[in-house]
Amino acid sequence: MRNLRYTLKTRPEGALGPEHFDRVDEELTALENGKARVRVVYVSLDPAMRGWVSADTKSYVPPVPIGDTMRALGVGIVEESKSDAFKPGDWVSGFTGWTEWLDIAPGAMNVVPKTAAMEDYMGILGLAGATAYHGLVKEGQPKAGETLCVTGAAGSVGSLVGQIGKALGLRVIGIAGTDEKCAWLINELGFDAALNYKTDDLDKGLAEFAPDGLDLHFENVGGKPFAAALRHMKAFGRMIFCGFISVYNGDRPDEYPDMTAIVRRRLTFKGFVMTDHFDEYPSIFAELGKLMQAGKLTYRLDVVEGLENAASAFGKLFAGTNKGKLVVKVSNPS
Ligand SMILES: NC(=O)c1ccc[n+]([C@@H]2O[C@H](COP(=O)([O-])OP(=O)(O)OC[C@H]3O[C@@H](n4cnc5c(N)ncnc54)[C@H](OP(=O)(O)O)[C@@H]3O)[C@@H](O)[C@H]2O)c1
């Protein structure tokens, strides 16, 4: 049986693209005792992967070694098993990498229930859902009636942050990069306001929609939207730092904020990374499941067909052309 996978060839200076990967077309050997063979169905494309291919050894995970299969989260189906931990037909979620097939030992991936759609494990019941819930609820400690601003608001994490905020009784302002995304936030997701950071005057908009200032801010992008939010924080406000996609390709933020506001308004800054909180996943997914059943979470997936298109599609995250959670469909779910 043949397998296709992509390995890291070189580390990018700027944007990550197909030129940084080698295509490996190989014959699979027989499955070893104690392992299970997984057919990968979806792999997730996440902004963090840009960091995983950098040479930074001080980050929260080690860099992907040159020559290794590209690291990626994914879901798949066990097709063959020589392990008591897995049986054929099981759905498994975890780190698959950019490969069509992989052999896993017990503990390498989690068996997930078939009560949700398989795609949900890439979004709401995956890293994005866990990140949105943990970041907003555990780190942000929101209280009903407070005003929340979220950047990257129409993205995978940001769109859930805003909707969880609404479900908790917050006033929610989203900042995103197109008018279509802003209209989606207001008309479909129930955000109270949305600003286009490319065309709107953010200071004017934030002053209009949050005249008393922001109690809570959830940062996904950095740069100009972050600087504007910082200028509009209330005294004792909390800023939660989830990501800074605007600088992942090595670019500097287009506006360096005046940090003196941190002292003048006695702000709390809090960064977090979900790899520190894997133990919370079951309880978070139970809460998200309840919100899904109550019809309070809308989510969209942007599906790219074929593993061979993963590397070129990755750039959509940085161009803002992904509409929702960006995933690659590697094989059919059935
Ligand atoms: N801390 C954690 O554990 C954790 C876990 C998951 C994700 N994250 C972080 O969360 C953030 C969002 O990730 P995601 O998976 O949900 O991606 P996403 O929001 O679905 O996609 C990325 C979006 O970022 C926006 N963007 C790209 N370049 C930008 C720039 N220069 N300035 C402003 N906005 C820009 C684009 O939307 P626009 O059209 O609006 O520009 C793009 O669609 C990332 O920073 C990621 O690293 C952190």
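Residues numbered from 1 in each chain as written. Predicted model: local features only at pLDDT ≥ 70, side-chain atom pairs only at ≥ 80, totals over all residues. Heavy atoms only, no water.

Per an unreviewed UniProt entry, the protein goes by Enoyl reductase (ER) domain-containing protein and derives from Roseibium hamelinense.

Please give an account of the overall build of the protein that cites residues and values.
Across its full length, the protein holds 10 helices and 15 strands. In terms of overall dimensions, the protein is globule-like: its C-alpha atoms have a radius of gyration of 20 Å, near the 20 Å expected for 334 residues. On the principal axes, the C-alpha backbone points of the protein span a range of 65 × 45 × 35 Å. Evaluated residue by residue, the protein yields a buried proportion of 53% over its 334 residues. With 37 positive and 42 negative side-chain charges, the protein shows a separation of 3 Å between the mean positions of the two kinds. (Helix = DSSP H or I, 4+ residues; strand = E, 2+ residues; numbered from the N terminus. Rg over C-alpha atoms; globule rule 2.2 N^0.38 Å. Buried < 20%, exposed > 50% of the residue type's maximum accessible area, 1.4 Å probe, protein only. Lys, Arg positive; Asp, Glu negative; His and termini not counted. Charge placed at Lys NZ, Arg CZ, Asp CG, Glu CD.)

Got a sec to walk through the site of the ligand? Specific residues and values, please.
Looking at the ligand, there are 25 residues lining it, with Lys181, Tyr197, Asn220, Met274 and Asn322 nearest. Contact distances for the ligand include 2.8 Å between an oxygen atom and a backbone N or O atom of Gly177. Taking Tyr197, its side chain carries an N or O atom lying 2.6 Å from an oxygen atom of the ligand. When contributions to the shell around the ligand are tallied by element, the ones reaching two or more residues are α2 (127-139), α3 (156-167) and α10 (316-319). (Near = heavy atom within 4 Å. Polar contact = N/O pair within 3.5 Å; in protein donor to acceptor, adjacent residues only side chain to side chain.)

Summarise α3; cite the residues concerned and give the values.
Turn by turn, an α-helix covers 3.6 residues, leaving residues three or four places apart pointing in a common direction. Compared with an ideal rise of 1.5 Å per residue, which puts 12 residues at 16 Å, α3 spans 17 Å between its outermost C-alpha atoms and is within 8% of the ideal. Of all 12 residues in α3, 10 are buried, a share of seventy percent or more. For α3, the complete set of buried residues consists of Ser156, Val157, Gly158, Ser159, Leu160, Val161, Gly162, Gln163, Ile164 and Gly165. (Expected span 1.5 Å × (residues − 1).)

Can you lay out the nonpolar core for me, pointing to particular residues and giving the numbers?
Within the largest apolar cluster, 47 residues are counted, with the highest numbers of intra-cluster contacts made by Leu148, Val161, Ile164, Leu185, Phe218 and Leu288. Per-domain counts for this core show at least three residues from each of domain 1 (2-119 + 300-329) and domain 2 (127-275). Those residues in contact with Leu185, other than ones at most four positions away along the chain, are Ala153, Ala154, Gly174, Ala176, Gly190, Phe191 and Ala194. Counting residues in each nonpolar core, the second largest holds 36 residues, with Phe21, Val38, Trp52 and Ala310 among its members. (Core = buried A, V, L, I, M, F, W, Y, C linked by side-chain atoms within 4.5 Å. Domains from an automatic or database assignment. Contact = heavy atoms within 4.5 Å.)

Go over the layout of surface pockets with me, naming the residues and quoting the values.
The computed volume of the second largest pocket comes to approximately 350 Å³. Arg5, Glu26, Trp101, Leu102 and Asp103 are the residues nearest the centre of the second largest pocket, which is lined by 21 residues in total. When contributions to the lining of the second largest pocket are tallied by element, the ones reaching two or more residues are β1 (2-8), β2 (21-27) and β6 (101-104). In terms of residue count, the dominant contributor to the lining of the second largest pocket is β6 (three residues). (1 Å grid on protein atoms, 1.4 Å probe; cavity = no way out; pocket = protein on both sides within 12 Å on 5 of 7 lines; lining within 4 Å. Points joined across faces, edges and corners; volume = space filled by probe spheres on them.)

Help me get a handle on the environment of Leu297, residues and values and all.
Among the secondary structure elements, Leu297 is positioned in the loop between α8 (281-293) and β14 (301-305). In this structure, the C-alpha to C-alpha distance between Leu297 and Gly162, residues 135 residues apart in sequence, is 9.7 Å.

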